[in-house]
Amino acid sequence: MKLHILKFIFLISISVSLFSCENTNDENAIDPLDGLTKLKEGYALGASAKVEIWGKKNFFVGYNNLAVVVYDSLNPKEKITDAHIQFLPLMTMGMGAMAIQHACPVENPDETAIDDVFPGALAFIMPTTTSGTWKLGVAVHNHKNDKDGVANFDISVDNPTTSALSVFTALAPDNNKLVLSIIEPSKPKVGINDIEFTLHRKVSMMDWPADDSYTIEITPEMPSMGHGSPNNINPVSSGNGHYKGKVNFTMTGEWKINVLVKKDGNTISKDVYFNLTL
């Protein structure tokens, strides 16, 4: 009899323990959309999918980290986590026969969602103006039903007060049009900070691929104080057009990060810099 009672108590203890662990895991689960705002939502009808675009703030000129969430339009509570997602940005400048259209650099999400979210990025090269408007298509190939569709959005791209992107034509002998975006530090602090850029090259108005064949050198300076800083590490390619290094800020205030872009040892950039305030 005592043995049966002990077994019963043991089973109850295990059940409580598992339930407690399950609750703890739920409470500690990280929401991939935490801190983000839903920017757009619409339907990719051919794919039977509802598309949501999330970001930290509204679209802006520079490198935008975005999160795409896809739902089954026939079962709105069911997320689609196995799909091929493609960004289709398009800016139209002017009207009628005189209109000019172009895209911008994109980083399309992988085909498998991470925590039910498809992370990707766009580097918008111009803001929305009275003469230039942006549209963003999100193409979805739904692997569940093997169907395709596109959700189309009219979007507004803001011009940030502090520039986060530089578009320039490389000096000879390169002559390529390049897009240099600064990603980090997003929250600069006194001391050593991670610094990260992306570099894309214009092939055509619609094709802006990432390029890892350049080298980048940085020289931070504090113009108001007339000094720079030691212990900086020039960014090096980490793949997919990303270049990562370290930048050192020795005090609070306004800093200027001068950037040299080189190809085969030749400096091909001129007067490229980014301002940061600590």
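The structure under discussion appears in the preceding block.
Residues numbered from 1 in each chain as written. Predicted model: local features only at pLDDT ≥ 70, side-chain atom pairs only at ≥ 80, totals over all residues. Heavy atoms only, no water.

Undergrad: Would you explain the sheet that holds strand β6 (residues 100-102) in this entry?
TA: Strand pairing in a sheet relies on backbone hydrogen bonds. The paired strands run either parallel or antiparallel. An order of β6-β5-β9-β10 is seen for the four strands of this open sheet, with the pairing classed as antiparallel. In this open sheet, the two strands that pair with only one neighbour each are β6 and β10 (147-155). For this sheet the average axis-to-axis angle between neighbouring strands, irrespective of direction, equals 20 degrees. Where strand β5 (residues 83-93) lies against strand β9 (residues 132-142), 11 bridges are found, and the strand directions are antiparallel. Looking across to β9, one finds that Thr 92 is bridged to Thr 133. (Pairing = 2+ DSSP bridges. Helix = DSSP H or I, 4+ residues; strand = E, 2+ residues; numbered from the N terminus. Axes fitted to C-alpha atoms, helices over the stretch in contact; angles between N-to-C directions.)

Undergrad: Would you explain the side chain of Asn 193 in this entry?
TA: Topologically, Asn 193 is positioned in strand β13 (residues 191-201). By relative accessible area, which is 3% here, Asn 193 ends up buried. Of note is the side chain of Asn 193, whose polar atom sits 2.8 Å from the backbone oxygen of Lys 189. Apart from the residues lying within four places of it in its own chain, the contact partners of Asn 193 are Pro 185, Lys 187, Pro 188, Gly 245, Lys 246, Val 247 and Phe 249. (Buried < 20%, exposed > 50% of the residue type's maximum accessible area, 1.4 Å probe, protein only. Polar contact = N/O pair within 3.5 Å; in protein donor to acceptor, adjacent residues only side chain to side chain. Contact = heavy atoms within 4.5 Å.)

Undergrad: Please clarify how the environment of Glu 41 should be interpreted in this entry.
TA: By the element assignment, Glu 41 lies in strand β1 (residues 37-44). Since its relative accessible area comes to 42%, Glu 41 is described here as partly exposed. Each C-alpha atom, one on Glu 41 and one on Ala 151, is 8.4 Å from the other, the two residues being 110 residues apart in sequence. Apart from residues no more than four positions distant in its own chain, Glu 41 is found in contact with Lys 50, Val 51, Glu 52 and Phe 153. Reaching out from Glu 41, the side chain makes a polar contact with the side chain of Lys 38 at a distance of 3.4 Å. Among the polar contacts made by the side chain of Glu 41, one reaches the side chain of Lys 50 at a distance of 3.2 Å.

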